[in-house]
Amino acid sequence: MVEPLVWQIGTLRARHEETPRVTTFTLSLPAWRPHRAGQHYDVRLTAEDGYQAQRSYSIASPPSRSGEIDLGIERIDDGEVSAYFHQVLVEGDLVEVRGPIGGYFVWEPADGGPLLLIGGGSGVVPLMAMLRERATANGGIPTTLLNSSRTIDEVIYRQELDVLASSADGPHVVQTLTREQPSGWTGYGRRIDEPMLAEVLAGSHADPLVYICGPTLLVEAAATALTNLGVAPARIRTERFGPTT
Amino acid sequence: MAERFISRGFLGRRRSGDGDTASRTPPGQYITEGFPVLSAGPTPVIGLDTWSFTIDGLVRAPVTWSWDEFQKLPASEWTVDISCVTKWTKLDTRWTGVSVDVLLEHVELDPRARFVIAHSFGGYTTNLPLADVLNGQAFVAHGYGGAPVEPAHGGPARLVVPHLYFWKSAKWVRGLHLVADDQPGFWESLGYHNRGDPWREERYSGD
Amino acid sequence: MMVGSMDDPLMLDANAVAGDLYDLFGVELTAVLHQCASCGNRAAVGTLRAWTRGPGTVLRCSVCSDVVLRWSRTSSGMVLDLRGAALIEVPRA
């Protein structure tokens, strides 16, 4: 019997700036229950006069960490909920949330692989939950992450990705920086396109399960390119974040 | 009844302004400087060579204009405030368009015609009392802010009825059906008000 | 039928409205199978494309782009139009 989804009041325990625009918010939840990598929580803010705003944020933490969740939240220009998190919320504050939600864009080790994870900007948050969960499983499921960011400073979880990639059966991490690359950069330097994906596919295990997450235009471009390259649509799952305004 | 949880320090986007702008902001609305894009579906791609606008239904003879023919109709400049049911209001929006009065001069209305169904490329519909689109209250706009209306905002042409909530201002409009009995359109059939006057906060049916 | 560009930045996946679907149906619906009443496509509800910015939410078929589900939140509750879905197959819990 599936447990009902209820709104609960979480407490902000910590905030950690990942990049100038993205901060991880750790919430402890009185009615926490294990989630699956890829799922999200709905957050609801209520003003004194009853005005409400609601958004969904992906869970970054793996389900093995019980009692609390990490939400990765990007500061959106003119975004009323992300602005509240970034500018107003302090440790000890209460936040109303509901989750975990999502039965489609999820992955657990039992689903197997190989995996191809494609992320853009804060789209890498749910993919990070998958990578963190993958690290707790045995056997090292063959995995490639293709991560798109504007500049090196905007690569979320950069150090953790370097550590994961350098471990014995770690994921293969491919980065692309679309706006500006540091000198000596060996990754890609442009938006995700079909030739890039062809190379990434050639360099990874055949017939992967694909998860793509990020701004709608990036997701659409990547999904279309992959089907052109022969990946079956049934093997591709997408989570579009919508426009960044 | 359980007390509702209040988020400390959350005010949201609302701003009703002061003085003049406050008096121009309908109840429950906030002023926006931007122009939010809202939609029920993908932006239709409409070539000007395939575009047409038709008035039909309870008229003696329907009339259709091609884009070139429509451009030849007398157009005016309109500066109006607009209010969306999602609570934003934008002041002093500038449009170029053809008054619905001018369009209706080209048909002979059946006396039974009391309502209008505006319908659009892409399938959107909205219903309005005929009285609400007469006497300078409504126009079909092809220009916004001195440039052609962008597809995301309803271009090549959209209906604009500024005194009603903006869901009545059908984007990508392709015609008006004149009918005797009101027929709820896309949002009206989902619980939204058949008329939608922002000054009376007619958001939902039953308001 | 006029199909717009699928490059629409407003378009999300149904996953984004999974919470609303839970409010309406009382179950997590995105992994559940539906059949589009317009073109017959059978797929997970999660594959539907969502337009959420507006007076309500519209879920469209990823194949034919016709409306499968749409709903609004009014002052008294939610109003749901299911006519675009020929079937929804909810598995035993």
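Here the residue numbering is sequential within each chain, running from 1 through the sequence in written order. Chain letters start at A and ligand numbers start at 1, both assigned in the order the entries are written. Thresholds applied to this predicted model are a pLDDT of at least 70 for local features of residues and 80 or more for the giving and counting of side-chain atom pairs; totals over whole chains, interfaces and linings are not thresholded and use all residues.

> With reference to specific residues and values, describe the overall build of chain C.
Helix numbers and strand numbers start at the N terminus; a helix is a DSSP run of H or I with at least 4 residues, a strand a run of E with at least 2. Check the secondary structure of chain C and you find 1 helix and 8 strands. Starting at the N terminus and walking to the C terminus, you meet the elements of chain C as β-α-β-β-β-β-β-β-β. Once the C-alpha set of chain C is aligned to its principal axes, its extents read approximately 35 × 30 × 20 Å. With C-beta atoms placed from the backbone, the exposure class of a residue follows from how many other C-beta atoms lie within 10 Å of its own: 20 or more, buried; 12 or fewer, exposed; in between, partly exposed. Out of the 93 residues in chain C, the part that is buried amounts to 44%. Contacts are defined on C-beta atoms placed from the backbone: any two residues whose C-beta positions lie within 7 Å are in contact. Intrachain contacts of chain C at a sequence separation of at least 6 include 45% that bridge at least 24 residues.

> For the sheet that holds strand 8 (residues 143–149) of chain A, give the residues involved together with the corresponding values.
Residue and element names in this part refer to chain A. We treat two strands as partners when DSSP finds at least two bridges between them. Pairing is parallel in the open sheet, where 5 strands are placed in the order 9-8-7-10-11. The outermost strands of the open sheet, each flanked by one partner alone, are strand 9 (172–177) and strand 11 (236–240). Sheet twist, expressed as the mean angle between neighbouring strand axes with direction ignored, is 10°. By the bridge criterion, 5 bridges tie strand 7 (residues 115–120) to strand 10 (residues 209–214) in an arrangement that is parallel. When the bridges of strand 10 are listed, Leu117 appears paired with Tyr211. Helix axes use the C-alpha atoms of the stretch in contact, all axes being lines fitted to C-alpha atoms, and the angles between their N-to-C directions lie in the range 0 to 180 degrees. Docked against the sheet, helix 5 (residues 216–228) engages strand 7, strand 8, strand 10 and strand 11, running at close to 155° with respect to strand 10.

> If you had to explain the interface of chain C and chain A to someone new, which residues and values would you point to?
Often, the extent of an interface is quoted as the loss of accessible area on bringing the components together. Of the residues lining the interface, 19 residues belong to chain C; the matching set on chain A comes to 19 residues. Listing elements by their share of the side of chain C that touches chain A, those giving two or more residues are strand 1 (12–13) and helix 1 (18–25) of chain C. Per element, the largest residue contribution to the side of chain C that touches chain A is 3 residues, and it comes from helix 1 of chain C. Partitioning the side of chain C that touches chain A into residue classes produces 12 nonpolar, 4 polar and 3 charged. Under this grouping Gly is polar, as are all residues other than the nonpolar Ala, Val, Leu, Ile, Met, Phe, Trp, Tyr, Cys and Pro and the charged Asp, Glu, Lys and Arg.

> Describe the pairing of strand 4 (residues 52–58) of chain A, listing the residues and the values that go with them.
Residues and elements named next belong to chain A. Bridge analysis of strand 3 (residues 40–46) against strand 4 gives 7 bridges, and the strand direction is antiparallel. Looking at strand 4, one finds that His40 is bridged to Ser58. As consecutive antiparallel partners, strand 3 and strand 4 are separated by 5 residues, and within that stretch Gly50 has a phi angle of approximately 95°, a positive value.

> Which residues make up the sheet that holds strand 6 (residues 67–74) of chain C, and what are the values?
Residues and elements named next belong to chain C. Judged by pairing direction, the sheet is antiparallel, and its 5 strands sit side by side in the order 1-4-5-6-7 without closing on themselves. Each edge of the sheet is formed by a strand with only one pairing partner; in this case those strands are strand 1 and strand 7 (77–81). Two strands pair when backbone bridges link them, and strand 4 (residues 49–51) and strand 5 (residues 56–60) are joined in this way by 3 bridges, in the antiparallel orientation. Bridging across to strand 5, Ala50 finds its partner in Leu59.

> Account for the interface of chain C and chain B, with residues named and values stated.
In this complex, chain C contributes 23 residues to the contact, which on the side of chain B involves 19 residues. Mapped by element, the contributors of at least two residues to the side of chain C that touches chain B are strand 5, strand 6 and strand 7 of chain C. The element that contributes the greatest number of residues to the side of chain C that touches chain B is strand 6 of chain C, accounting for 4 residues. Residues that form the side of chain C that touches chain B fall into these classes: 10 nonpolar, 8 polar and 5 charged.

> Hey, could you go over helix 4 (residues 194–202) of chain A for me, with residue numbers and the actual values?
Residue and element names in this part refer to chain A. Those residues of helix 4 lying buried are Leu197, Val200 and Leu201. Along helix 4, the residues classed as buried sweep out an arc of 100° about the axis, all on the same side. Away from its buried face by more than 90 degrees, helix 4 exposes Pro195 and Ala202. Tucked into the core, helix 4 has its buried residues touching strand 8, strand 9 and helix 5. Starting at the helix axis, one direction is taken to each C-beta atom, and the arc is that of these directions.

That is the geometry; function is a separate question.
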